[in-house]
Amino acid sequence: MTDVKATQKLSIRAAIPEDEAGIARVCLKTADHGADASELSSRPDLLGLIWATPYFVHAPANCFVVENRAEIVGYIMTTPDTREFERWQSKHWWPEVERRLAGFCPKTARDQDALDTIRALHHQTPEYIARYPAHLHINLMPEVQGTGFGRKLMDTACEKLRLDGVSGIHLGVSFKNTNAIGFYKATGFVEIARTGALIMGKLL
């Protein structure tokens, strides 16, 4: 049962640069198919550098956080134009990540997976981008799940994209993360492709 008093402390606002550490923490705490990946990664900011930080650096107006007083407990990171975002990443972000990770040696399998992912993300955008040009990453700490704030985050970000004239949005989710898949279906997403993950999309 949802704690009504607890939900009254929660609020949504736009992400700002000072949120980076808090966002990276949420990313890490939910990175194991929705569960805590802290024991799997030796560097707390590594996964955030891939899946969260670049979004609010690139397009802060399209990124939002759930805050419990001064603590970040959830976020949604979106970019309105995936093709343009990937061009920016190649030119600006991945060189910045290389600078930040200079001298870093992977200590776990998840560390190595993250580094492999960075290399793999230098890729050509798939065909479904034409219809679903935006994409997102959303994560909530366990204590926020089931409060309705996941849907509020999704609605807030999608409405901003819609008002900006974006036609659709997509996301990738692990086949193992059945709770997330159920949530995405409940918020209007449908399967549009299968790669190493399930790709889901929604028209705006």
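In this report, we go over the structure that sits alongside the text. (Residues numbered from 1 in each chain as written. Predicted model: local features only at pLDDT ≥ 70, side-chain atom pairs only at ≥ 80, totals over all residues. Heavy atoms only, no water.)

### Points about the sheet that holds strand 1 (residues 10–14)
On the basis of which strands lie adjacent, the open sheet formed by seven strands has the order 1-2-3-4-5-7-6 and mixed pairing. The strands lining the two open edges of the sheet, one partner per strand, are strand 1 and strand 6 (190–194). Strand-to-strand, the axes of this sheet are offset by a mean angle of 25°, without reference to chain direction. Sheet topology places strand 2 (residues 63–68) next to strand 3 (residues 71–79); six bridges connect them, and they run antiparallel. Paired with C63 across the strands is M77, a residue of strand 3. (Pairing = 2+ DSSP bridges. Helix = DSSP H or I, 4+ residues; strand = E, 2+ residues; numbered from the N terminus. Axes fitted to C-alpha atoms, helices over the stretch in contact; angles between N-to-C directions.)

### Details of helix 7 (residues 149–163)
Spanning 15 residues, helix 7 covers 21 Å between terminal C-alpha atoms, matching the ideal 21 Å at 1.5 Å per step. Positive phi shows up at G165, right after helix 7, with a value of about 85°. (Expected span 1.5 Å × (residues − 1).)

### What about the packing of aromatic side chains?
For the coordinates displayed, the defined rule picks out five aromatic pairs. Each residue in the set Y55, F85, W88 and W93 is aromatic and connected to the rest through ring pairs, giving one cluster. Its guanidinium or amino end placed over the ring of F104, R43 lies 5.6 Å from that ring's centre, counting from NZ or CZ. One residue, K152, lies across the ring of F149, its end atom 4.3 Å from the ring centre. (Phe/Tyr/Trp six-rings, centres within 6.5 Å; stacked < 30°, edge-to-face > 60°. Lys NZ or Arg CZ within 6 Å of the ring centre and 35° of its normal.)

### What to know about the nonpolar core
Core analysis: the largest hydrophobic core is formed by 56 residues, its most contacted members being I23, M77 and Y184. Counting residues per element, this core draws most heavily on helix 7, at six residues. (Core = buried A, V, L, I, M, F, W, Y, C linked by side-chain atoms within 4.5 Å. Buried < 20%, exposed > 50% of the residue type's maximum accessible area, 1.4 Å probe, protein only.)

### A look at the environment of I23
Within the secondary structure layout, I23 lies in helix 2 (residues 20–29). Given a relative accessible area of 0%, I23 falls into the buried group. When the C-alpha atoms of I23 and L10 are compared, they prove to be 15 Å apart, with 13 residues separating the residues in sequence. Sequence-distant contacts of I23, that is, excluding residues within four places in its chain, are made with A15, A52, F56, V65, I72, Y75 and M77. (Contact = heavy atoms within 4.5 Å.)

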